[in-house]
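An overview of the molecular structure
Each chain is listed here by its residues.
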Amino acid sequence: MCQPSEGTLSIMVGGEAEVFARVRPLFEVLGRNIVHVGGSGAGQICKSCNQIVVGATIAGVAEAILLARAAGVDPARVREALLGGFAGSRILEVHGQRMIDDDFAPGFKARLHQKDMRIVGKVAHDLGLGLPGAAACTQYLNALVGRGQGELNSAAIYKVLEAMNSGPGAGAG
C-alpha cells in the first residue's frame, strides 16, 4: 500500500535537463528539495552519497550515545547539549532520541539501507575507491540484518554496537 507523501522528500534526479524541466511539477508534489544533479545515473550516485552520510552519521550518533551511557552520563542530556552545537543534525535529533528510547520502529528499514549500501560498495569498487566509513556502516547493517532485525529502523545500528560491547572483555582496559 502506498502512503501519501507529505511533500518532504529530497529528490535527486539524473537525466536530460529538458526532460527534468518537464517533469519537475510532478516532483514538486512529493518534495521541496528537488535537484537535477547531472546526466543519466547521477541521481543514483547522489542517492548513494546520501546513504553514506546518513549511515555514517547514525553510526557516529550510536557511538556517542553508547559512550555517554558507558561513562554514566545521561545520554539525553548529552544529546541535548550536542544539538545546540556543531554536532547538531536531524539524525542526532530523531535517531538519537530513538536510541535513547530504545524505539526502533521502522521508518527507513535497515534491510533497505543495507541494499543501498551494497550499491555504494559496488560503485566504490568499480571506481577503485576505498570508503572505510561506508564499509563499516555496511557491516553494522549486515550484522543487524543477520540478527533478524532488518525490519527495524537503521538507527538500530545502536543495538549492534551495544551487543559488540557487552560480551566478554567488553569495557576491560
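Please refer to the structure higher up on the page.
Residues numbered from 1 in each chain as written. Predicted model: local features only at pLDDT ≥ 70, side-chain atom pairs only at ≥ 80, totals over all residues. Heavy atoms only, no water.

**As for unusual backbone geometry**
Selection criterion: Numbering of helices and strands starts at the N terminus; helices are DSSP runs of H or I of at least 4 residues and strands are runs of E of at least 2. Residue exposure (1.4 Å probe, protein chains only): buried if accessible area is under 20% of the type maximum, exposed if over 50%, otherwise partly exposed.
Look at aspartate 102: it is not a glycine, yet its phi comes out positive at around 55°. Tracing the backbone through its elements, the reader meets aspartate 102 in the loop between α4 (90-101) and α5 (110-127). On the basis of relative accessibility, which here comes to 47%, the residue aspartate 102 falls in the partly exposed class.

**Brief notes about the environment of cysteine 137**
This is how the line gets drawn: The contact criterion used is simple: two residues touch if any of their non-hydrogen atoms lie within 4.5 Å.
Mapped onto the elements of the fold, cysteine 137 is located in helix α6 (residues 132-146). Residue cysteine 137 is classed as buried on the basis of its relative accessible area of 2%. Note: C-alpha distance between cysteine 137 and serine 40 (97 residues apart in sequence) is 27 Å. Apart from residues no more than four positions distant in its own chain, cysteine 137 is found in contact with Gly55, Ala56, Met117 and Ile157.

**A few points about the side chain of aspartate 116**
Structurally, the position occupied by aspartate 116 is in helix α5. Beyond its immediate sequence surroundings of up to four residues, aspartate 116 is in contact with Lys47, Gln51 and Phe108.

**A word on helix α7 (residues 157-164)**
For α7, the complete set of buried residues consists of Ile157, Tyr158, Lys159, Val160 and Leu161. For α7, the elements touching its buried residues are α2 (42-70), α4 and α6.

**Thoughts on the packing of α2 against α5**
Selection criterion: For helices, the fitted axis covers only the stretch in contact; all axes are lines through C-alpha atoms, and the angles between them, taken along N-to-C directions, range from 0 to 180 degrees. Convention used here: angles under 35 degrees read as roughly parallel, angles over 145 as roughly antiparallel, angles from 65 to 115 as roughly perpendicular, and any remaining angle as oblique. In a left-handed crossing the near helix is turned counterclockwise from the far helix by less than a right angle, and in a right-handed crossing that turn is clockwise.
With their axes 9 Å apart at the nearest point, α2 and α5 run at an angle of 115° to one another. The orientation of α2 with respect to α5, classified from their angle, is roughly perpendicular. Considering only the axes of α2 and α5, their crossing is left-handed. The segment α2 lies against α5, with Gln44, Ile45, Lys47, Ser48, Gln51, Ile52, Val54 and Gly55 engaging His113, Lys115, Asp116, Met117, Ile119, Val120 and Val123.

**Quick word on the pairing of strand β1 (residues 9-14)**
The following threshold applies: When DSSP locates at least two bridges between a pair of strands, those strands are taken to pair. Orient the strands so they point away from the viewer, and a crossover whose first-strand-to-second-strand path over the helix runs clockwise is right-handed.
The sheet contact formed by β1 and strand β2 (residues 31-38) spans six bridges and is parallel. Across the sheet, residue serine 10 finds its bridge partner in β2, namely asparagine 33. Note on the crossover from β1 through helix α1 (residues 17-30) to β2: the handedness is right-handed.

**A look at the nonpolar core**
The cut-off we apply is this: The set of buried Ala, Val, Leu, Ile, Met, Phe, Trp, Tyr and Cys residues whose side-chain atoms join them within 4.5 Å is what this entry labels a nonpolar core.
Ranked by size, the top nonpolar core spans 25 residues in total, and within it Met99, Ile157 and Tyr158 carry the most contacts. For this core, the elements supplying multiple residues, two or more each, are α2, α4, α5, α6 and α7. Element by element, the count of residues in this core is highest for α2, at six residues. Among all residues touching isoleucine 157, those that are not within four sequence positions of it are Ile58, Ala59, Cys137, Tyr140, Leu141 and Leu144.

In short, geometric facts, not functional conclusions.
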